[in-house]
Amino acid sequence: MDSIELKIAPKDWLYIITIGGLFGFFIAWFFYFLTPSLHNYTTIIFSTQTALFIALFSAFFITISNNLILPNINQKFWYIISFGFSFISGAIGFLSSYLLAFIYNYHLINILYPFRVHITISIGFLTFLIGLILHQFISMKYKHESIKSDMLESKIKALENELNPHFLFNALNSVAELIYTDQKKAESAVIELSQFLRNAITKESIISIEEELNMVQTYVNIENIRFQEHIKLHIIQESSEIKIPKFSIQLLVENAIKHGYNGEILNIEITILKSKIIAKNSGKRPKEILFGVGLHNLQKRLQILNVGTLSSKVDEKSVAFIINLKEK
C-alpha cells in the first residue's frame with residue numbers, strides 16, 4: 001500500500017469536518033430526544049463540544065501518525081494503527097466532553113453516568129467506522145488522481161518525443177556535411193547539438209523561460225549551419241518569471257523556419273510578456289494558417305498542462321503565433 005493512500009490533503013479536511021458536523025448533529029439529536037428531561041441548551045452544548053473534541057483529537061492523531069509513526073513502521077501495520085487511532089479519537093473525545101460536562105454539572109450527566117463506559121466504546125466504534133469510510137474514500141480519490149496524473153504525464157512525454165527526431169536528423173545531416181567542408185564548424189555544431197540534447201532530455205515538462213530561450217538560441221545556431229546564418233533571432237524579454245512547456249518557443253521557431261524561409265534573411269522576433277509570448281517572423285505569409293502536427297502538439301500540451309492557449313495572426317509584414325498564458 002502506497003503512503004499516499006493515508007495522506008490527507010488540506011482540502012480533504014472539508015469532507016472530514018462535514019462528516020464530523022453531521023456526526024455531532026446525530027449525537028445532539030440522540031441525546032436531546034433521549035428523554036424529555038434533557039430538552040435544554042446544555043444537551044446541545046454537550047453534543048457540540050463532543051463533536052469538537054473528537055475532531056480535534058482526530059486531527060492530532062492523524063498528524064502524529066502520518067508524520068512520525070507510519071513512515072517509520074512496516075506498511076502491514078498501517079491499517080491497524082490508523083483505525084486504532086480513529087477509535088481512540090472517538091473515545092477520548094467523548095470522555096473529554098463528559099469530564100467537562102461533569103465539572104460544570106450539565107443536566108444530562110446523571111442520566112449518562114451509568115452508561116458512560118458503554119457510550120464511550122460505542123462512540124469510539126462509530127468513529128472507527130467513520131475513519132474506515134473516510135480512509136476508503138480518500139484512498140480511492142488519490143488512486144484516481146494518481147492514475148490520471150500518470151496518464152497525463154505519459155501523454156505529455158509522448159507529445160514531447162514527437163518533437164525530437166525530425167530536428168535531430170536534420171542537425172546530424174548538417175554536421176555530416178560540415179565534416180568535409182569546415183571541421184571547426186563541425187566541432188562547434190556537435191557541441192551545440194550536445195548542449196541542446198542535454199537540455200531536451202530533462203524530465204521536467206514545464207521549464208523556466210530562461211531554459212527555453214537557451215534551447216531556442218542553441219537550436220537557431222545549429223539550423224544556421226544549413227541556412228548559412230540567414231536566420232536572425234531577436235529576443236525581447238520583459239518578463240523572466242514565466243514557466244512554459246518544454247519546446248514551446250522552439251517549436252514556433254522551427255515552424256517559422258520550415259514554412260517562412262524563402263532563401264533570404266529570415267527575422268524571427270520573440271517577445272516575452274507576463275501574459276503572453278509572441279513569436280513573429282518576416283518570412284512567407286500564407287493566406288490562412290493551418291495547424292499541422294507540430295502546432296496541434298503544442299496546443300495539446302498547453303491545454304493538458306493548463307498553461308494557456310495558442311493563436312495565430314497574419315498581417316502585411318509578418319506571421320505571428322501567440323501563446324496566451326493563464327494567470328497564476
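These figures come from a predicted structure and were not determined experimentally. (Residues numbered from 1 in each chain as written. Predicted model: local features only at pLDDT ≥ 70, side-chain atom pairs only at ≥ 80, totals over all residues. Heavy atoms only, no water.)

A. Region of interest: the sheet that holds strand 4 (residues 266-272). With mixed pairing, the five strands of this open sheet are ordered in space as 2-4-5-7-6. The open sheet has two edge strands, strand 2 (231-237) and strand 6 (308-314), and neither has a second partner. Taken over all neighbouring pairs, the strand axes of this sheet differ in orientation by 15 degrees on average, direction set aside. Relative to strand 7 (residues 319-325), strand 5 (residues 276-281) runs antiparallel, the two being bridged by six bridges. (Pairing = 2+ DSSP bridges. Helix = DSSP H or I, 4+ residues; strand = E, 2+ residues; numbered from the N terminus. Axes fitted to C-alpha atoms, helices over the stretch in contact; angles between N-to-C directions.)

B. The arrangement of helix 3 (residues 78-103) in detail. The terminal C-alpha atoms of helix 3 lie 37 Å apart, and with 26 residues this matches the ideal 38 Å at 1.5 Å per residue to within 8%. At the exit of helix 3 stands Asn105, carrying a positive phi of roughly 55 degrees. (Expected span 1.5 Å × (residues − 1).)

C. Here's a closer look at the side chain of Ser96. Tracing the backbone through its elements, the reader meets Ser96 in helix 3. Within the structure, the side chain of Ser96 is placed 2.8 Å from the backbone oxygen of Ile92, a separation counted as a polar contact. Setting aside its immediate chain neighbours within four residues, Ser96 contacts Phe53 and Phe57. (Polar contact = N/O pair within 3.5 Å; in protein donor to acceptor, adjacent residues only side chain to side chain. Contact = heavy atoms within 4.5 Å.)

D. The arrangement of the packing of helix 8 (residues 209-227) against helix 9 (residues 248-260) in detail. Interhelical geometry of helix 8 versus helix 9 gives an angle of 25 degrees and a closest axis separation of 8 Å. Comparing the axis directions of helix 8 and helix 9 gives the class roughly parallel. Where helix 8 crosses over helix 9, the two elements pack in a sense that is right-handed. For the pair formed by helix 8 and helix 9, the contact residues are Ile209, Glu212, Leu213, Val216, Tyr219, Val220, Glu223 and Phe227 on the first element and Ser248, Ile249, Gln250, Val253, Glu254 and Ile257 on the second. Of the residues in the contact of helix 8 with helix 9, the class split is nine nonpolar, two polar and three charged. (Parallel < 35°, antiparallel > 145°, perpendicular 65-115°, else oblique. Left-handed = near helix turned anticlockwise from the far one by under 90°. Nonpolar A, V, L, I, M, F, W, Y, C, P; charged D, E, K, R; others polar.)

E. Structural context of unusual backbone geometry. With a phi angle near 75 degrees, Phe247 is a residue other than glycine that sits in the positive phi range. Tracing the backbone shows Phe247 in the loop between strand 3 (243-245) and helix 9. The backbone of Asn306 shows a phi angle near 55 degrees, a positive value even though the residue is not glycine. On the secondary structure map, Asn306 appears in the loop between helix 10 (293-304) and strand 6. You can call Asn306 partly exposed: its relative accessible area is 42%. (Buried < 20%, exposed > 50% of the residue type's maximum accessible area, 1.4 Å probe, protein only.)

F. Summary view of the nonpolar core. Ranked by internal contacts, the top residues of the largest apolar core, which has 41 residues, are Ile249, Val253, Ile268, Ile270 and Ile277. Listing elements by their share of this core, those giving two or more residues are helix 7 (183-200), helix 8, strand 2, helix 9, strand 4, strand 5, helix 10 and strand 7. Top element by residues in this core is helix 8. It accounts for eight residues. Residues contacting Val253, with those up to four places away along its chain left out, are Val216, Tyr219, Val220, Ile268 and Ile270. Counting eleven residues, the second largest nonpolar core, distinct from the first, contains Phe46, Ala101, Leu112 and Ile119. (Core = buried A, V, L, I, M, F, W, Y, C linked by side-chain atoms within 4.5 Å.)

G. Broad picture of the environment of Pro286. Mapped onto the elements of the fold, Pro286 is located in the loop between strand 5 and helix 10. Owing to a relative accessible area of 37%, Pro286 belongs among the partly exposed residues under this scheme. Separated by 27 residues in the primary sequence, Pro286 and His259 place their C-alpha atoms 9.0 Å from one another. Discounting chain neighbours no more than four positions away, the residues touching Pro286 are Val314 and Val319.

H. Region of the structure containing the environment of Leu266. Within the secondary structure layout, Leu266 lies in strand 4. Sequence separation of Leu266 and Asn281 is 15 residues, and the distance between their C-alpha atoms is 7.0 Å. Dropping the residues within four chain positions of it, Leu266 is found in contact with His230, Ile231, Lys232, Ala256, Ile257, Gly260, Tyr261, Asn281, Ser282 and Gly283.

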